[in-house]
Amino acid sequence: MAWTHYQIVLAVVMVATGSINTLTTAWADRMSAAGSDGVIRKFSHPFVQGCSMFLGELACLVVFKIFYVYYRSRNDGSEIESDIVRGNTHFNPLLFVPPAVCDMLGTSLMYVGLNLTYPSSFQMLRGAIIIFTALLSVAFLEKKIKTHEWVGIFGVIIGLVTVGYSDYILIKEKSPADQISDLNGIITGDMLILMATIIQAVQMVYEEKFVVSKDIPPLQAVGWEGVFGFVILGSLLYPFYYIPVNPPFSNNAHHVIEDLPDALAQMRNNPLIIYSILGTIVSIAFFNYAGISVTKEMSATTRMILDSVRTLFVWIVSLQLNWQKYHPLQLLGFALLIFGTAAYNNIRPASLYSSLRSSRSEEENDETPIIVTPPDQPTP
């Protein structure tokens, strides 16, 4: 069966909002404005951006509550049948504190890394989560890695190495002075992103072991993680203001971990920064909803495919905006990452075509359960 108009809209929304999330965050990092000390510098406030991401996730809880109250008011059992609110709503919200902490740490590290490296490299490096999730699943979920998963893991590793090497070649084409500065920054940024993927892999394993079995509505799960993430990270902004750090982690007025007054001053002096942050908030909310809906309406495989398209779109836009230069190895690295991801999920060309043409076959077959994967984490 061909895709319905609703499914096409979901796919477009997922790719578009996921790409916008990364691009708006990178756009903010490239804008300059006068700070609280009057000095013009680039906007470098990853923890403020992290709070904006959690606001977007928190909005998912608000949307869930609105839909739940609406369906409940109809008194016809709609709250049990609707895909948006269906599931177990009786649980302890504190269950989401550990994944919220992981989300906070992972997202903050990723935003710091994005400040130092290319947007496309950032997006591609997130593919490493397959490696760490597989290894942690063996250790804590007692799973066995199958042959096709090993092939996928090695494919992703080779792809990541290829992407890293292409960045190194582009840096070597610059002047000696720029080489040292850019090389240190990109290596640091890439390492921070890889560290973030390890933390997010821990989050995914935790959610699979303690959250998925609870049958909690995904939109509500995302929302509660947003609540705890925003409260915890927002509370940390105060002590972060008094902890000094050295460059390249302190490009703000007071050279501290996070300088909220400086961030607000830069937003006031350059309203485009506000628009980029609003873009992050709105896009992450729609991206989470679209991703969950794609999994339910079609399949987890289709969601993975669309996420790969998002990576390609971010890379193309970054090239068009001259945020980075093109190198053929980047395309090879992207292809290897796609191959590794597909192999890990045991996707073959024939099954891929079948999935895209008959995306609702699983939903229409009563013997096949609907697969609900943990919600995708918001990327800059």
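Definitions and cut-offs
- Residues numbered from 1 in each chain as written.
- Predicted model: local features only at pLDDT ≥ 70, side-chain atom pairs only at ≥ 80, totals over all residues.
- Heavy atoms only, no water.
- Helix = DSSP H or I, 4+ residues; strand = E, 2+ residues; numbered from the N terminus.
- Buried < 20%, exposed > 50% of the residue type's maximum accessible area, 1.4 Å probe, protein only.
- Contact = heavy atoms within 4.5 Å.
- Areas by Shrake-Rupley, 256 points an atom, 1.4 Å probe, with all protein chains shown as cover.
- Phe/Tyr/Trp six-rings, centres within 6.5 Å; stacked < 30°, edge-to-face > 60°.
- Lys NZ or Arg CZ within 6 Å of the ring centre and 35° of its normal.

**A word on the overall build of the chain**
Right, so step 1: A tally of helices and strands in the chain yields 15 helices and two strands.
Right, so step 2: Expressed as a percentage of its 380 residues, the buried residues of the chain come to 52%.
Right, so step 3: Within the chain, counting contacts between residues at least 6 apart in sequence, those at least 24 apart form 82% of the total.
Right, so step 4: Here the chain has roughly 17600 Å² of accessible surface; of this, 67% comes from carbon and sulfur atoms.

**Examining the packing of aromatic side chains**
Right, so step 1: Across all of its chains, the model carries eleven aromatic pairs by this definition.
Right, so step 2: Between F91 and F96, the ring centres sit 5.7 Å apart and the planes meet at 75°, which makes this aromatic pair edge-to-face.
Right, so step 3: You can call F91 buried: its relative accessible area is 18%.
Right, so step 4: Between Y241 and Y242, the aromatic rings sit 5.1 Å apart at their centres with planes inclined by 90°, giving edge-to-face as the arrangement.
Right, so step 5: Of the aromatic side chains, those joined through ring pairs into one cluster are F67, Y70 and Y71.
Right, so step 6: Across the ring face of W323, the terminal group of R30 is positioned such that the distance to the ring centre comes to 4.9 Å.

**Regarding the side chain of S44**
Right, so step 1: Tracing the backbone through its elements, the reader meets S44 in the loop between β2 (40–42) and α2 (46–73).
Right, so step 2: Residue S44 is classed as buried on the basis of its relative accessible area of 11%.
Right, so step 3: The residues touching S44, leaving out its near neighbours within four places in the chain, are N115, N251 and Q266.

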